[in-house]
Protein chains: 2
Amino acid sequence: MTVQTPTRHDLSLDDLHGSLTDPAMSAMNLLNEISMRYPAAISFAAGRPAEDFFDVADVHEYLGVFHDHLRTARGLTEQEARRLLLQYGRTKGIIHDLVREHLRIDEDIHVPAESIVVTVGCQEAMFLVLRALATSPQDVLLAVSPTYVGLTGAALLTGLPVWPVRGGDEGLDLADLRAQIGRARSRGLRPRALYLVPDSANPTGASLPPRLRQEVLDLASEEDFLLLEDNPYGFFGGGEPLPTLKAMDTERRVVYLGSFAKTALPGARIGYVVADQRISDGSLLADRLAMIKSMTTVNTSPIAQAVIGGALLKHGCSLRAANLRQAALYRRNLRLVLDGLAERFPPGHGVTWNTPPGGFFLVVTVPFQVDDELLEHSASHHGVIWTPMSHFCPDGGGERQLRLSLSQVTPETVGQGLDRLAALIGERLRQVSPATCPG
Amino acid sequence: MTVQTPTRHDLSLDDLHGSLTDPAMSAMNLLNEISMRYPAAISFAAGRPAEDFFDVADVHEYLGVFHDHLRTARGLTEQEARRLLLQYGRTKGIIHDLVREHLRIDEDIHVPAESIVVTVGCQEAMFLVLRALATSPQDVLLAVSPTYVGLTGAALLTGLPVWPVRGGDEGLDLADLRAQIGRARSRGLRPRALYLVPDSANPTGASLPPRLRQEVLDLASEEDFLLLEDNPYGFFGGGEPLPTLKAMDTERRVVYLGSFAKTALPGARIGYVVADQRISDGSLLADRLAMIKSMTTVNTSPIAQAVIGGALLKHGCSLRAANLRQAALYRRNLRLVLDGLAERFPPGHGVTWNTPPGGFFLVVTVPFQVDDELLEHSASHHGVIWTPMSHFCPDGGGERQLRLSLSQVTPETVGQGLDRLAALIGERLRQVSPATCPG
């Protein structure tokens, strides 16, 4: 009889892909896990859209609208419509023409529908682009730091090193970008692309001024690299909409990454990539991304695409107009958070924050260490959750900053949430400044 | 003024990932493209399920059933149900408990729901597993050859070399498996896993006899590798169902890859992986696959999951029972194709085929070269499409074989399709045997 110890394992963690032990990958898990362990905590952590306007009946309606569109506008028989909606389908998607219209109307972006690949959320789009670009150990990806964690994760899966570029006050430090390119080249490395979120960036909320947009396009041309423009928050910017890099792109330097998670429904998991770059064999980069997609997810669920297609059709392909209520809600939330911070943290105590005109996020800077341990303490002792900025800086930085998300704030809870945050910060300030607080 | 030539390209194909110029990746595109260029051709090429029972109304019904289930059986408020269906969600999925029930009822597989990751089709499940296992340049994947092209493609994306193992008449040549393991080890390489489709394999239609199933489980234990069991066709096997490897697995050696594309709806793009292997840090392999998934697709569309969840609920989680009509249709099609082949190709002309008891596929062997050029000729001159077997043998083989798919055959077209195939084969036989055909 063989006695097995109950702790015997089947696989060693060391025998699994290196990405799985990278702190960037564990961060996502850690943050999710904290929200689940402290469900009663007030959260300024989630990057999810507000749920005020969600309705399951919309899913049925949008499906119906798209189904009708197939029968009437596209003239399909019922059998053909059924096949398009329920069978395996086109790798590049079935709503690419509607996405093109949406980009034309809402973003003044003019691209052929064939340059669009409809993906399983923007995350898949990112993965496809990085997988295509990671060719040799000499390739590196530049990314404005702090960086969206999904970009860091996708890069880890493809083995593409990410080189941080300073964001600075304007959302991109062009001098540092030039310096990093030079540094990479001097080591025999090849910067393939720069990843950036020019509008209401996650996590800083920064937006690039128009002048800087033109300058980075010019530099990309001069130094021969691509720009990976990620634009999930463009409709929620606060002021007048600024032109996207893709709208200003006359040389096909920009690969545009889009999402319907914030502008329609996250539950459809529909994103897309515009890749109109011409490849030496006459194909489009989009066609090559589709080849990779055929080996990761085959095609994006046509049922899920139909839900977003129906939403686009219902709103004449303009989601900017359809999101006016949502945009107003996020602006209200931003105001609530900024006013609440100003009330609780008068100048002179070393607590500061940026004041983006819109978006989902802002950054609070404090005169003490902000890490996962503090977050755990904040959740367990103060009942408030936020995100340590250091998670967005895999190469260091952000150690005294925290990201506040305002997308799920409500007028009912924001005051209490900020009171709890003030209690936490007050507690730490007393610890770091014993001279001013005797005892 | 700068003059640009119109043929100027933006990116060189050589500067994109190596997988993009691998013949295995181009094969998928080539085959799709031929079907599109010759829409009038009768196709024995598609691996898609029959559409006879498709109905868009089912999507609405299944969504409704799952929504009701959330409200009643799970006791969620409407707000909670809405959040689950429409918001970002759990990386490992929201129908894992229903999938577990389905596996228990239909396959006698008993696993914790936490060991299941719901994926964007079985293709994503494959990619996640290979990405996790490809750790170092010493790792290799064994795969029964001929092999499903999606496995070859996913391996290319992760850089994991695939070593073919002979399938032979029984679906797996155990002696060759032992030999390949020895060969790999002698070169300092580490065989991580064997990929196989034990039931009605694509492309051969072969099913492993029960004795061989036990033997390969024993060998996996003895030689310490995993078995990646892919089972899309298990309900359409023809005879009495055989136990899956996972049902026989007492040591958590088997990672089970499942799909609802053939048993429910391809358009939902829902698959899953059962990964109950324990990792040295106390987690399950499923948890590690979910970490990778969070960086490829974040989570599988809960709307698409709800469609499959509703289908499972409607049928008491037994899709075997729900697929009796489909199984009968495929058996009828198989009979039509086998009878039609026997009528057209009497013995003695060197045209033979296997006779699987069920499944979607069979293999025809001919005494001449079968390649993409012949397929092109077949489509353009004879109006019939099939798949060259060589596409399933990236390391050589299958040069005189073609795969016939019977899943979309109809009694109305099968005779004409086989007449066209017979015309093509007759034409080639006359070319290769000039002695018997003077002139």
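Residues numbered from 1 in each chain as written. Chains lettered and ligands numbered in written order. Predicted model: local features only at pLDDT ≥ 70, side-chain atom pairs only at ≥ 80, totals over all residues. Heavy atoms only, no water.

Asks: Give me the overall build of chain A: which residues, what numbers.
Replies: Secondary structure assignment for chain A yields 15 helices and 13 strands. Referenced to the eigenvectors of the C-alpha coordinate spread, the extents of chain A come out at roughly 80 × 75 × 55 Å. Burial status across chain A gives 58% buried among its 439 residues. Put simply, of all contacts in chain A between residues at least 6 apart along the chain, 73% involve residues at least 24 apart. Approximately 16500 Å² of chain A is accessible, and the part contributed by carbon and sulfur atoms is 52%. Chain A carries 41 positive and 50 negative side-chain charges, and their two centres are separated by 2 Å. (Helix = DSSP H or I, 4+ residues; strand = E, 2+ residues; numbered from the N terminus. Buried < 20%, exposed > 50% of the residue type's maximum accessible area, 1.4 Å probe, protein only. Contact = heavy atoms within 4.5 Å. Areas by Shrake-Rupley, 256 points an atom, 1.4 Å probe, with all protein chains shown as cover. Lys, Arg positive; Asp, Glu negative; His and termini not counted. Charge placed at Lys NZ, Arg CZ, Asp CG, Glu CD.)

Asks: Any chance you could break down the interface of chain B and chain A for me, citing the residues and the numbers?
Replies: On the chain A side, the residues contacting the 85 residues of chain B number 85 residues. Considering only the surface of chain B that becomes buried against chain A, B:L86, B:Y88 and B:M295 emerge as the three largest contributors, covering 11% of it. For the pair chain B and chain A, the interface holds six salt bridges. Between B:D10 and A:R252 there is a salt bridge; the shortest N-O distance is 2.7 Å. (Buried area = accessible area lost by both parts, 1.4 Å probe. Salt bridge = Lys/Arg side-chain N within 4 Å of Asp/Glu carboxyl O.)

Asks: I'd like a rundown of empty space enclosed by the protein, residues and numbers included.
Replies: All names here are of chain B. Scanning all chains against the criterion turns up six cavities of 30 Å³ or more. Its boundaries defined by the atoms lining it, the largest cavity holds a volume of some 110 Å³. Together, 15 residues line the largest cavity, and H102, N231, F235, S259 and T263 are the ones closest to its centre. When residues of the lining of the largest cavity are traced back to their parent elements, those giving at least two are α4 (96-107) and β7 (254-259). Of the residues in the lining of the largest cavity, the class split is eight nonpolar, six polar and one charged. There is about 100 Å³ of room inside the second largest cavity. (1 Å grid on protein atoms, 1.4 Å probe; cavity = no way out; pocket = protein on both sides within 12 Å on 5 of 7 lines; lining within 4 Å. Points joined across faces, edges and corners; volume = space filled by probe spheres on them. Nonpolar A, V, L, I, M, F, W, Y, C, P; charged D, E, K, R; others polar.)

Asks: I'd like a description of the environment of B:T135, backed by residues and values.
Replies: Residues and elements named next belong to chain B. If you trace the backbone, T135 turns up in the loop between α5 (121-133) and β3 (139-145). Remark: the alpha-carbon pair of T135 and Q416, spanning 281 residues in sequence, is separated by 50 Å. One polar contact links T135 to R192, side chain to side chain, over a distance of 3.2 Å. (Polar contact = N/O pair within 3.5 Å; in protein donor to acceptor, adjacent residues only side chain to side chain.)

Asks: Mind laying out the relation of the copies chain B and chain A, listing which residues take part and the relevant values?
Replies: By a simple turn and slide, chain B fits onto chain A: the slide is 0.0 Å along the axis, the RMSD is 0.0 Å, and the turn is 180°. Accordingly, the operation relating the two chain copies is best matched by a two-fold axis. Most of the interface of chain B is mirrored in chain A: 100% of its interface residues are interface residues there too. (Least-squares fit on C-alpha atoms with pLDDT ≥ 70 in both.)

Asks: Pulling in residues and values, what's your account of the pairing of β3(B)?
Replies: Residues and elements named next belong to chain B. Extensive coverage of β3 is indicated by the burial of seven of its seven residues. Every second residue of β3 is oriented toward a common face, with D139, L141, A143 and S145 on one face and V140, L142 and V144 on the other, all of them buried. Here β3 runs beside strand β5 (residues 190-196); their pairing, made up of five bridges, is parallel. Residue D139 lies in a different strand from β5, and its bridge partner there is R190. (Pairing = 2+ DSSP bridges.)

Asks: So what's going on with the confidence of the model for chain A? Which residues, and what values?
Replies: Residues at a pLDDT of 70 or more form 97% of chain A, whose mean pLDDT is 94. This model gives residues 1-6 of chain A a pLDDT under 50, and the stretch forms one contact once residues within four places in sequence are excluded. (pLDDT = per-residue confidence, 0-100.)

Asks: Tell me about helix α3 (residues 78-86) of chain A, and name the residues and values.
Replies: Residues of α3(A) that are buried: A:A81, A:L85 and A:L86. Looking straight down α3(A), one finds its buried side chains confined to an arc of 105°; they lie on one side. Elements in contact with the buried residues of α3(A): α2 (56-71) and α11 (302-314) of chain A together with α2 (56-71) of chain B. (Arc of directions from axis to C-beta.)

Asks: Before we move on, could you go through the domain arrangement of chain A and cite the residues and values that matter?
Replies: Residues and elements named next belong to chain A. Here the domain parsing of chain A yields domain 1 (15-44 + 323-432) and domain 2 (56-321). Here the C-alpha centroids of domain 1 and domain 2 sit 27 Å apart. Between domain 1 and domain 2, the residue contacts involve 28 residues of the former and 26 residues of the latter. Across the interface of domain 1 and domain 2, roughly 2100 Å² is buried in total on both sides, 65% from carbon and sulfur atoms. (Domains from an automatic or database assignment.)

Asks: Which residues make up the packing of aromatic side chains, and what values go with them?
Replies: Residue and element names in this part refer to chain A. Taken as a whole and judged by the stated rule, the model has 19 aromatic pairs over all chains. Three or more aromatic residues link up through ring pairs in this structure, and these residues are Y233, F236, Y330, F360 and F361. The ring centre of W163 lies 4.3 Å from the NZ or CZ of R183, which sits over that ring. (Phe/Tyr/Trp six-rings, centres within 6.5 Å; stacked < 30°, edge-to-face > 60°. Lys NZ or Arg CZ within 6 Å of the ring centre and 35° of its normal.)

Asks: Please set out the pattern of salt bridges residue by residue, giving values where relevant.
Replies: Between side chains of opposite charge, a pair can form when the charged atoms approach closely. According to the stated counting rule, one finds 64 salt bridges over all chains in the structure shown. A salt bridge links A:K92 to A:D287; its shortest N-O distance comes to 2.7 Å. In this pair, A:K92 sits in the loop between α3 and α4 (96-107) while A:D287 sits in helix α10 (residues 285-294), placing the two residues 195 residues apart along the sequence. Here A:R211 and A:E215 are joined by a salt bridge, their closest N and O atoms 3.3 Å apart. Of this pair, A:R211 and A:E215 both sit in helix α8 (residues 210-223), separated by four residues, roughly a single helical turn. Linked through salt bridges whose partners overlap, the residues forming this network are A:D15, B:D139, B:R190 and B:R192.

Asks: Quick rundown of the sheet that holds strand β6 (residues 226-230) of chain B? Include the residues and the values.
Replies: Residues and elements named next belong to chain B. The strand order across the open sheet formed by seven strands is β2-β8-β7-β6-β5-β3-β4, and the pairing between neighbours is mixed. Every other strand in the sheet has two partners, leaving β2 (116-120) and β4 (162-166) as the edge strands with one partner each. Direction aside, neighbouring strands of the sheet carry axes that sit 25° apart on average. Across the sheet, α5 lies against β2, β3, β5, β6, β7 and β8 (270-274), angled at about 120° from β2, the strand it touches most. (Axes fitted to C-alpha atoms, helices over the stretch in contact; angles between N-to-C directions.)

Asks: Before we move on, could you go through the sheet that holds strand β9 (residues 352-353) of chain B and cite the residues and values that matter?
Replies: The strand order across the open sheet built from four strands is β9-β10-β13-β12 (chain B), with neighbouring strands paired in antiparallel fashion. Of all strands in the sheet, those bounded by a partner on one side alone are β9 and β12 (387-388) of chain B.

Asks: With reference to specific residues and values, describe helix α11 (residues 302-314) of chain B.
Replies: All names here are of chain B. The end-to-end C-alpha separation of α11 is 18 Å, in line with the 18 Å expected for 13 residues at 1.5 Å each. Within α11, 11 of the 13 residues are buried, which leaves it mostly tucked inside the rest of the structure. Taken as a whole, α11 has its buried residues at P302, I303, A304, Q305, A306, V307, I308, G309, G310, A311 and L312. With a side-chain oxygen lying 3.2 Å from the backbone nitrogen of I303, the N-terminal cap of α11 falls on S301. Just downstream of α11, G316 is the residue with a positive phi angle, here 60°. (Expected span 1.5 Å × (residues − 1).)

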